[in-house]
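Chains, contacts and geometry: an overview
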Amino acid sequence: MKNKITAVLFIIVFLLVVAIVCVFLLNWDRGGNTPAVEPVDNNSQDAAVVVETPDTPVVVSGTTPVPTTVPTALPLPTTIPTASPEATQAPAATTQESPAPTENPATVNLDPNYPSVQLGSGSFKSDTKTGLNIRAEWSAKTVSGTQVQVDIVIYAQHYSLSTSAIPKSVNIVLDGQYISLDAPAIKYDGTGSTSTELASRSFIIDLAPGDTRELKLSVEWAYNGRYGGVSLKDIECGGKFELAR
C-alpha cells in the first residue's frame, strides 16, 4: 500500500517537472527568436516606415507619391460644321432675238394663173384715249393649192398732225413672221379726222384645202411723241382671226 502511494506521488512530481520545462522552453523560444527591427534613419527621405497591424502590413514611403492617374484628353466635338452655302450667281438675262424679217411675197414664185379666192378680211384698232390711233386692216386670199396670202395695211388715224419720217418704226408680227418697216412723214393741218397709210406687207401662210387656222396679228408704231397733251411712246393694236379653206 505504501509503495502505491509513493508511485503516484512520483508520477505527479514528474508531470509537474515536465510542465515546468515545457513552459520554460516556450518562453525561451519567444524571447530568443523575435526578429530584430532595424533602426530607421529619420533623416533619409527615402526611408520606409514599417507599421505592423493585426492584418496586412502597410508600407508608408517618406516621399510624396506621384499620382499615376493619366488625365484623359477631352473628346473632340463630333459635330461637323456645315459649310456655308456658296453664293449662287443670278443667271444672266437672255436677250430674245426678234424673228428674222419675212421674205417679200413678191419674190415668191406663185402661179399667176391660179384661181384666187377671197377668204376674208377685218381690222383692229388701238385705243390711246386721244385723237391719234393706228388701224390694222387684213385680207386673205388663196394663191396656191396649199398656201394663202394675207395682206396687212397699217393706217394712222388722226386730226391735225405733223411728224417726220421714222425708219423701222412700224413693227408687224403675223403668225410668228416679223417685219420692221419705215413710217413716212405726215403733214396734215385739217380740222377733221383722216387716215394716213403708215406701211403695208403681204405674208404667205400654209393652209391646205379643208383646213382651218387661227392667226395672231400684232402691230406697233414707235411714235415717241405727244398728242393732245398726252405722251405716247408705242401705239399698238392687233388680235386673232381665223381662216378656213
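So, how was this worked out
- Residues numbered from 1 in each chain as written.
- Predicted model: local features only at pLDDT ≥ 70, side-chain atom pairs only at ≥ 80, totals over all residues.
- Heavy atoms only, no water.
- Helix = DSSP H or I, 4+ residues; strand = E, 2+ residues; numbered from the N terminus.
- Buried < 20%, exposed > 50% of the residue type's maximum accessible area, 1.4 Å probe, protein only.
- Contact = heavy atoms within 4.5 Å.
- Areas by Shrake-Rupley, 256 points an atom, 1.4 Å probe, with all protein chains shown as cover.
- Phe/Tyr/Trp six-rings, centres within 6.5 Å; stacked < 30°, edge-to-face > 60°.
- Salt bridge = Lys/Arg side-chain N within 4 Å of Asp/Glu carboxyl O.
- Core = buried A, V, L, I, M, F, W, Y, C linked by side-chain atoms within 4.5 Å.
- Pairing = 2+ DSSP bridges.
- Axes fitted to C-alpha atoms, helices over the stretch in contact; angles between N-to-C directions.
- pLDDT = per-residue confidence, 0-100.
- Patch = residues over 30% accessible without salt bridge, like charges linked within 9 Å, V, L, I, M, F, W, Y side chains within 5 Å.
- Polar contact = N/O pair within 3.5 Å; in protein donor to acceptor, adjacent residues only side chain to side chain.

This part is about the overall build of the protein chain. Across its full length, the protein chain holds one helix and twelve strands. Each helix and strand of the protein chain, placed in order from N terminus to C terminus, yields the pattern α-β-β-β-β-β-β-β-β-β-β-β-β. Residues classed as buried in the protein chain amount to 24% of the 245 residues present. A separation threshold of at least 6 residues defines the contact pool for the protein chain, and within that pool the share at least 24 residues apart is 61%. As displayed, the protein chain offers around 18,100 Å² of accessible surface, 57% of which is attributable to carbon and sulfur atoms.

It is worth spelling out the packing of aromatic side chains at this point. One pass over the full model with this rule turns up two aromatic pairs. Ring geometry for Trp138 against Phe241: centres 3.9 Å apart, planes inclined by 15°, an arrangement best described as stacked. Pair noted here: Trp138 is in strand β4 (residues 133-142) and Phe241 is in strand β12 (residues 230-244), with a separation of 103 residues, a long-range link. Each member of the pair, Trp138 together with Phe241, is buried.

Applying the stated criterion across every chain, the model contains three salt bridges. Linking Asp175 and Arg213 is a salt bridge whose minimum nitrogen-to-oxygen distance equals 2.4 Å. Highlighted residues: Asp175 in the loop between β7 (166-174) and β8 (177-183) and Arg213 in strand β11 (residues 212-227), separated in sequence by 38 residues.

Right, let's get into the nonpolar core. Counting residues in each nonpolar core, the largest one holds 35 residues, and the members touching the most others are Val150, Ile172 and Trp221. Secondary structure elements with two or more residues in this core: β4, β5 (147-158), β7, β8, β10 (194-206), β11 and β12. Ranked by residue count, the leading element in this core is β11, at six residues. Look past the residues within four positions of Val150 in its chain and what remains in contact with it is Trp138, Ser139, Ala140, Leu174, Arg201, Ser202, Phe203, Ile205, Leu215, Phe241 and Leu243.

Before going further, it helps to spend a moment on the sheet that holds β12. Read from one edge of the open sheet, four strands run β8-β7-β11-β12, paired in antiparallel fashion. With one partner strand each, in any of the chains shown, β8 and β12 form the two edges of the open sheet. The mean inter-strand angle of the sheet, taken between neighbouring strand axes irrespective of direction, is 20°. Bridge count for β7 against β11 is five bridges, and the pairing is antiparallel. Bridge pairing in β11 links Asn171 to Glu220.

With that out of the way, let us pick up the confidence of the model for the protein chain. This prediction gives the protein chain a mean pLDDT of 76; 65% of its residues lie at or above 70. Here residues 34-99 is modelled with pLDDT under 50, and outside its nearest four sequence neighbours on either side it reaches 17 contacts, counting other chains as well.

Counting buried positions along β4 yields seven of ten residues, so the element is predominantly enclosed. Here β4 folds back onto β5, and the loop between the two strands holds four residues.

On the surface, Ile5, Val8, Leu9, Ile12 and Leu16 cluster together to form a nonpolar patch covering roughly 470 Å² of accessible area. Positionally, Val8 belongs in helix α1 (residues 2-32). Among the residues examined, Val8 registers a relative accessible area of 46% and is labelled partly exposed.

With that settled, the discussion passes to the sheet that holds β10. Strand order across the open sheet formed by four strands is β3-β4-β5-β10, with antiparallel pairing between neighbours. In the strand order of this sheet, the two ends are held by β3 (118-125) and β10, each with one partner. On average, each strand axis in the sheet is inclined to that of its neighbour by 15°, with strand direction left out of account. As defined by bridge partners, β5 adjoins β10 across twelve bridges and the pair is classed as antiparallel. Each bridged residue has a counterpart across the sheet, and for Val153 the counterpart in β10 is Ser200.

On to the side chain of Asn133. Residue placement: Asn133 occurs in strand β4. When its relative accessible area of 8% is taken as the criterion, Asn133 is described as buried. A polar contact of 3.3 Å, which involves the side chain of Asn133, links it to the backbone nitrogen of Asp127. A polar side-chain atom of Asn133 sits 3.4 Å from the main-chain carbonyl oxygen of Thr130.

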